[in-house]
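# Reading the structure
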Amino acid sequence: ADGSAARSFAIQSALRPYRPTYFHFWQLKTFWHESKITDEDIEVHSFEEMETVPPMAINQTSGEVSKLVAEMIQFRKDFLETVQSGSRSDLKKFWLRKTKKPVLAVLLVRKPDGTDILYRGTNMEVSMPTGSLCAERNVIGTALAQNPGLKREDLLMVAVLAVTLPEEPSKLQSPPPG
C-alpha cells in the first residue's frame, strides 16, 4: 500500500505506544511573511481522535461503512460502464482533459430524523479560469444543492476512489504482418 493513508497509518502505528497529541495547521489566520503562528492557526487533536485503523474486510465494518462501500462499488461500475459504452459523455474530452484521472466520491449524510442519504460526485479538471474541482468538494456541493438546510454535523463520512480510465484502442494500429 502507498499514498497518504498508508503513510499516516505507518506513522500512527509507530507512535501508538507514545499516544501523541496531533497538531494540525489548517488555514492559517496569520500571514506566513510575518513568520509567526498563533493559537488560532492550530487545531489540537488527541491520539484517539486521529487514530486510523488498518484495512479490514467489509463484513467487519459498521453498517454505515458497508453502505458507503456498496455505493462506491456501484458508482465505480456505473462510471466505467458509461465511459466504456461510448455513450454521450464528455468525460475524457472535457471534464477530465487535464490529467484524465477520474476520482469518485460518495458522501453519507444523516438527516436529523436519522435517515441516511448517499450522494455521488466526481472531480472535474477543466482548463478554465475557475480551475479544477476535487471529488470530495463536488460531492459536498451536490449534497448542499439538494438540501440547502444541510449542516456540517449531518456529514457522516466520505469515500474517495481514484479510477483508471480504460485504454482506448489505438486508431493507428498497423495491420498484422504477413
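Residues numbered from 1 in each chain as written. Predicted model: local features only at pLDDT ≥ 70, side-chain atom pairs only at ≥ 80, totals over all residues. Heavy atoms only, no water.

## Some details on the sheet that holds strand 4 (residues 116-122)
Within the open sheet, the 3 strands sit side by side as 4-3-5. Their pairing is antiparallel. Of all the strands in the sheet, just strand 4 and strand 5 (155-162) have a single pairing partner and so form its edges. Neighbour to neighbour, the strand axes of the sheet diverge by 15° on average, direction disregarded. The sheet contact formed by strand 3 (residues 103-110) and strand 5 spans 7 bridges and is antiparallel. Within the sheet, the bridge partner assigned to V109 lies in strand 5 and is L155. Strands strand 3, strand 4 and strand 5 of the sheet are contacted by helix 3 (residues 63-85), whose axis makes an angle of about 145° with strand 3. (Pairing = 2+ DSSP bridges. Helix = DSSP H or I, 4+ residues; strand = E, 2+ residues; numbered from the N terminus. Axes fitted to C-alpha atoms, helices over the stretch in contact; angles between N-to-C directions. Contact = heavy atoms within 4.5 Å.)

## Description of helix 3
Over its 23 residues, helix 3 runs 33 Å from end to end, which matches the ideal 33 Å to within 8%, given 1.5 Å per residue. Regarding helix 3, the residues found buried are L68, M72, F75, F79, L80 and V83. Directly beyond the C-terminal end of helix 3, a positive phi value near 70° is found at G86. (Expected span 1.5 Å × (residues − 1). Buried < 20%, exposed > 50% of the residue type's maximum accessible area, 1.4 Å probe, protein only.)

Such coordinate-based values are descriptive only and should not be taken to indicate function.
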